[in-house]
Each structure stands twice: as C-alpha cells, then as structure tokens.
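# Understanding the architecture of this molecule
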Amino acid sequence: MSQLDQKKEAAKAALDYILEGMTIGIGTGSTVNCLIDMLPTVRNKIGALVSSSSETTDRLQKLGFEVSLLNSVGTADLYIDGADEATKHFHLIKGGGGALTREKILAAASRKFVCIIDESKFVAMLGKFPLPIEVIPMAQSYISRQLIKMRGQPIWREGFITDNGNHILDVHNLAISNPLEMEDRINQMAGVVSVGIFARRPADVLLIGTPTGIKTMGS
Ligand code: 5RP
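The structure reproduced in this document is the subject of the present report. Counting starts from 1 at the beginning of each chain's written sequence and moves along it residue by residue. Only residues with pLDDT of at least 70 are given local features in this predicted model, and only at 80 or more are side-chain atom pairs given and counted; all residues enter the totals for whole chains, interfaces and linings. Each side-chain value is worked out from all heavy atoms of the structure, with water and hydrogens disregarded.

Only protein chains enter the accessibility calculation, which uses a 1.4 Å probe; a residue whose area is less than 20% of its type maximum is buried, one above 50% is exposed, and one in between is partly exposed. Only DSSP runs of H or I covering at least 4 residues are called helices, and only runs of E covering at least 2 are called strands; the numbering of each starts at the N terminus. Counting buried residues along helix α2 (residues 30-38), 7 of its 9 residues qualify, which places the element largely inside the surrounding structure. Those residues of α2 not exposed but buried are Thr-31, Val-32, Asn-33, Cys-34, Leu-35, Ile-36 and Met-38.

Structure (structure tokens):
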C-alpha cells in the first residue's frame, strides 16, 4: 500500500469518531486533506467545524462547509489532525505545514484528539524530523542562538509567513528524549509563539495507516 493510501486509510478510520452533532476541529496537511475530501459523506452528522489554518478553511469552504470561529463555539468535541512524528506515548512533532500554533490551540480546546498518520511517522524517539518553532520575527536570531546552545541546528524557513504573521525555525539534530521537558524549555524562550512538540497535550488516539491495515492506539 502506498504512503498516500495509508494516509487515506487513517483518514477513513477517523470518520468513525465523528458522532451526531459534534463540533470538530480540523487540522492541516496532506493527511487531513484526505479526511476533508471524505467529510461530505458524514455532512449530516457534523454540528460545527473549526479550522486550524487558512489552507484548511479554503478547502472546507470549497466543499460547502461553514467554518466557525473557536471563540464562537468555545470547545470542540473532537480534533482530527496529522503529525510529522508520533511515539507510543502519543507525543507528537507537528508543524511541517507551519500551522502548529493554531493546531496547538485546537488540540488544547478539544475533548478528544485523534491523530491520523501513515506508518512512516511512527517513531521510537522524536527529533529526526526537524522541529518547527513559530517565532516572532524580531526574536528569530536570539532564539536561534539559544537553540544552538541546546546543540540544535535551526534553519529559517525562508519566505514562509504563518497565518499569524510570524516566522518558522526548523531545528535539526535535536534528540528529544524528554518531550515534556523540551516543550517547556523552548516555550519559555522570549519570542517563541509555539513549539511543534505536542507532549503537554498529546494525542488521545493514534490511527496509523500501515501496509496491512489500520493500527489503532489509545481511546
Ligand atoms: C501541519 C502539520 C501536519 O499535521 C503535519 O505536517 C503532517 O502533514 P502531512 O499530513 O502532510 O504529512 O503539523 O502544520
């Protein structure tokens, strides 16, 4: 089964978590795009949708869905999103698509976080995928120097501006053996908007598309 087919399988499995009248947060990325394409099949069940990015909002609106503001709905029953890496502890790296801050807000404001990935994303330890960090532009050099002190190699995602008007640093060569500690440490740096480690608010469910079918972890 191709990687794309594994993503589709994971997206399809996520549809089972959508119950009558739910308010659902929708993440960002190619796996989530597979989910968005399938959402019309459960249109009648959806109470409201909240989006994590302008890209996702555009896709949802093109399919005729109304997109609500988080401030209007308060909380979401369910959040469905992809990830760049995930561990058996449900810790994630996210932000490959640069939407990590809004994704983190939606994950925090949701009762259940279902993460949909293909098998290649399931890892023993986070950090092979360069860790995305959204930063206030004027703090970029300062934060880069702090990350170098932590033995990371920050690379500015040149030309990319987040939906919040900020920059992204992709930090290479971090072995993230303690995701909780690393998330807190980076979060505390002045000028960091958010870090792509999702450990304080991990996924509740991992749906992993594999060549032999869906693997489900968590509930
Ligand atoms: C976007 C994300 C995505 O969930 C992550 O990058 C995975 O994307 P894809 O499904 O395209 O592999 O965090 O900010």
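Moving on: the sheet that holds strand β9 (residues 167-172). Overall, antiparallel pairing links the 4 strands, which are arranged β8-β9-β7-β10 in an open sheet. Where the open sheet ends on each side, the last strands, each with one partner, are β8 (153-156) and β10 (192-195). Between one strand and the next, the sheet's axes are offset by a mean angle of 30°, whatever the strand orientation. When strand β7 (residues 131-135) meets β9, the two strands line up antiparallel, connected through 5 bridges. When DSSP finds at least two bridges between two strands, those strands are taken to pair. Note on geometry: axes are lines fitted to C-alpha atoms, helical ones only across the stretch in contact, with angles between N-to-C directions running from 0 to 180 degrees.

Packing of α2 against helix α3 (residues 54-62) brings their axes to within 10 Å, and their N-to-C directions diverge by 20°. Between α2 and α3, the crossing angle belongs to the class labelled roughly parallel. Every pair of crossing elements has a handedness; the one defined by α2 and α3 is right-handed. Facing Asn-33, Ile-36 and Asp-37 of α2, the residues of α3 in contact are Glu-55, Thr-56, Arg-59 and Leu-60. Comment on the angle field: the value is read as roughly parallel under 35 degrees, roughly antiparallel over 145, roughly perpendicular from 65 to 115, and oblique elsewhere. Put simply, a crossing is left-handed when the front helix is turned counterclockwise from the back one by less than a right angle, and right-handed when it is turned clockwise. Throughout, a residue-residue contact means that at least one pair of heavy atoms, one from each residue, lies within 4.5 Å.

For the rest of this paragraph, the subject is unusual backbone geometry. Located in the positive-phi region is Phe-90, a residue other than glycine, with phi close to 70°. Looking at the element boundaries, Phe-90 is found in the loop between β4 (85-86) and β5 (92-93). For Phe-90, a relative accessible area of 18% corresponds to the buried category. Although it is not a glycine, Arg-151 sits at a positive phi angle of roughly 70°.

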